[in-house]
Amino acid sequence: MKVIIAEKPDQASTLCAQFQRVKKDGYFEIKPNELFPEGAFCTWAIGHLTELSSPETYHPEWKKWSLQSLPIIPERFQYEVTKSKAKQFNIVSKLLQHPNVNEIIHAGDAGREGELIIRNIITLARVKKPLKRLWISSLTPASIIEGFKNLLDDEKTKNLYYEAYSRACADWLVGMNASRVYSLLLKEKGMNDVFSAGRVQTPTLALIVKREKEIDQFKPEPFWEVIATFNFEGKKYKGKWQNKQQTRVMDHQLANKIAVFCENKPAEIKELTTERKEYQPPLLFNLSSLQATANKAFKFSPKKTLDIVQSLYQKGIVSYPRSDSTYVTKGEAEQFPDILNKLSQFDEYKDFYPLPNTSLLHNSRYVNEKKVTDHYAIIPTDQVKDPKRLSGDEHKIYDMIIRRLIAAHYEKAIFDYSTLITLVDARAEFVTKGKQQIQEGWRKVIFDNDKEKDELLPTVQQNDKGVVAKVETKESKTQPPKRYTEGQLITLMKTAGKYLDNDELEKILSKVEGLGTEATRAGIITMLKDRKYIDIKKNQVFATDKGKVLIEAIGEQILASPSMTAKWEQRLSEIGDGQASPSVFMEQTKKLSAKIVSDAISISSTWNFEGLDIESIQRKPSSRYTIGKKVGKCKLCDGDVVDKGEFYGCANYKKTNCRFTFSKKILGKKISQANIQKILNGEPSNLIKGFKKGEKTFDAKLGWDNGKIQFLFETSGTKN
């Protein structure tokens, strides 16, 4: 008899749906059938049923956070049962130990993490029985039956377990030591909060903080463009003055002189060139590209997209969601005609048929056995479903995946990009750009708000004569770098290698694809949000003062560098391929953890957090600073002013309708309870640095005067 262990309850249910079964407490009992003549048990984990032991498990003195106990480096790592999931672990363990069970089928997700989850359970259950691996990329009935008929030998995927185990232990080592040392040292600087740090989250945060600094330090500069309207025998069009292909004029007077010079002057067509560009259909989706595309189209967070596609996978209508590949094998490509034929029956896709190309079998842009790693691209399975019968969000993601597959069977899109150079009075050069779609191709299928619209140039020829009908100057300002969206952040993590100076490290990162893995990037972004390092506002990523403090403290140390992740990911990948030793890797990680601790301690005396609101970075306010607590007397009615969460307000609001309120944030700066208490006591606040008004930044104290809050400037003692 065999016991099947799935990663989640719903996966177990889907696997068992192919057979007659009886639901029990924590497992299914599969009745004897052709595949399982003696029947089988099918049970499940609930994600991770086990976890790495806490520091005090190894040494009681490690429970207390202190610099003296660092670095924390266990001689040998150990897992233990997660207390909240002990009941299910006991059920799985009893089934594994059942005397009639003579073989275990590992049916976790076909990837590193799934490998770790199930093997850890078997290890902790202390069971040594023959082990086989179910390795499938979709949960369709056909794939499940085929997978059970062709189980992999245990040794085939064991190196992936070693890779995942090494990754988990190494992340524990770096995270535990880095988080403790920076939390303790920053507490000495007045910030009583936990500063989580880690191998992937910290370099990702560093890239966000770097962009934040670029925006903060950006100083807009005015520039002008000289725009002429030309008339060539009734054909009118506009052009921008250019010098060495630069259309911006940084001097206002010069721009005006150019405009005056060009007024009513003769014009001539100097040059007309056209460049044809061809755009191939987009690649099939892997998880990162799907997350980035869904974020751009619908502003879905990466985690939301992963949750939705996981649900679609669970329904059996798309393939494995955590894939890092954009390719399929010939076996999958052979199924495309059948899948596409079924899709053609739905109203949403009828207009795309007949397809220009009926097969991708010989198209290496999509079909490449060598570039399919553990899984192929995310595609619709042969269990197609009308998208209209799905929930709104599932509909959107399923539709995107379907359209990518259909678009792959279309022709390339072709555009002509034209450049017209007009010469004014034989001296001043103006440029006019135009574009025209020559072949729509795959763009018929992919919905895109950014679809290029035709901008046709007038039908003129070289040496034609005309005149300047009108000329004007347009003032603009240089713009700061744009904030990342969550979708761009996923792409940034995947391509972090381009931020490295060392060419060799760039190659390493391009091979292992940046910071984190397809499966972990959404979780890293969620972690940064949960730990208050970043804020997401209208799909834009902002670094908080807490995030800035941590990166400022780490500085140029290796912990914040993508290069460390590059080398790390390369070695882990080699472990997964059986080409590197897990024990050697762990010894190197132990040395790195010790270095992170020593580096932090040695540079902590040089830390400078000027301009950052360190007062607000507290793990939790003391009892006198909790919401609802009195912070002083009202300046209008002498009632109690209390903390109301987002602002301070008078407790007499309901009784007397007193409208005294005091925002916790003024011109971008948080106002602490310590400062509001001073103001309510008639004293000036502490000096607060970094108020922002438009493009101006200034430092000031706050005080109460003439019935309102005033800015108090130290230099002159003046009020504003």
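Structural notes, computed from the coordinates. (Residues numbered from 1 in each chain as written. Predicted model: local features only at pLDDT ≥ 70, side-chain atom pairs only at ≥ 80, totals over all residues. Heavy atoms only, no water.)

1. Side note on the state of the cysteines
1) Next: Evaluated as defined, the whole model comprises zero disulfides.
2) Next: There is no disulfide at Cys650, and the cysteine sulfur nearest it, in Cys637, is 3.5 Å away.
3) Next: Residue classification places Cys650 among the buried residues on the basis of a relative accessible area of 1%. (Disulfide = S-S within 2.5 Å. Buried < 20%, exposed > 50% of the residue type's maximum accessible area, 1.4 Å probe, protein only.)

2. Concerning unusual backbone geometry
1) Next: Cis geometry marks the peptide bond from Leu70 to Pro71, where omega comes out at 0 degrees.
2) Next: For Pro71, the position within the fold is in the loop between α2 (55-58) and β6 (79-81).
3) Next: With a phi angle near 50 degrees, Asp425 is a residue other than glycine that sits in the positive phi range.
4) Next: A positive phi angle, near 65 degrees, is found at Asp638, a position not held by glycine. (Helix = DSSP H or I, 4+ residues; strand = E, 2+ residues; numbered from the N terminus.)

3. Quick notes on the sheet that holds strand β10 (residues 222-232)
1) Next: As summarised here, the arrangement of the six strands in space is β10-β11-β14-β13-β12-β15, forming a closed barrel in which the pairing is antiparallel. In this sheet, adjacent strand axes meet at a mean angle of 35 degrees when their direction is disregarded.
2) Next: Across ten bridges, β10 lies against strand β15 (residues 465-477) in antiparallel orientation. Paired with Val226 across the strands is Thr473, a residue of β15.
3) Next: Here helix α8 (residues 252-262) sits on the sheet in contact with β10, β11 (235-241), β13 (413-424), β14 (428-439) and β15, set at roughly 165 degrees to β15. (Pairing = 2+ DSSP bridges. Axes fitted to C-alpha atoms, helices over the stretch in contact; angles between N-to-C directions. Contact = heavy atoms within 4.5 Å.)

4. Looking at the pattern of salt bridges
1) Next: By the definition in use, this model includes 42 salt bridges.
2) Next: Residue Glu552 pairs with Lys213 through a salt bridge whose shortest N-O separation is 3.2 Å. Of this pair, Glu552 sits in helix α17 (residues 545-554) while Lys213 sits in helix α7 (residues 201-217), placing them 339 residues apart in sequence.
3) Next: Glu552 sits in the partly exposed class, given a relative accessible area of 33%. (Salt bridge = Lys/Arg side-chain N within 4 Å of Asp/Glu carboxyl O.)

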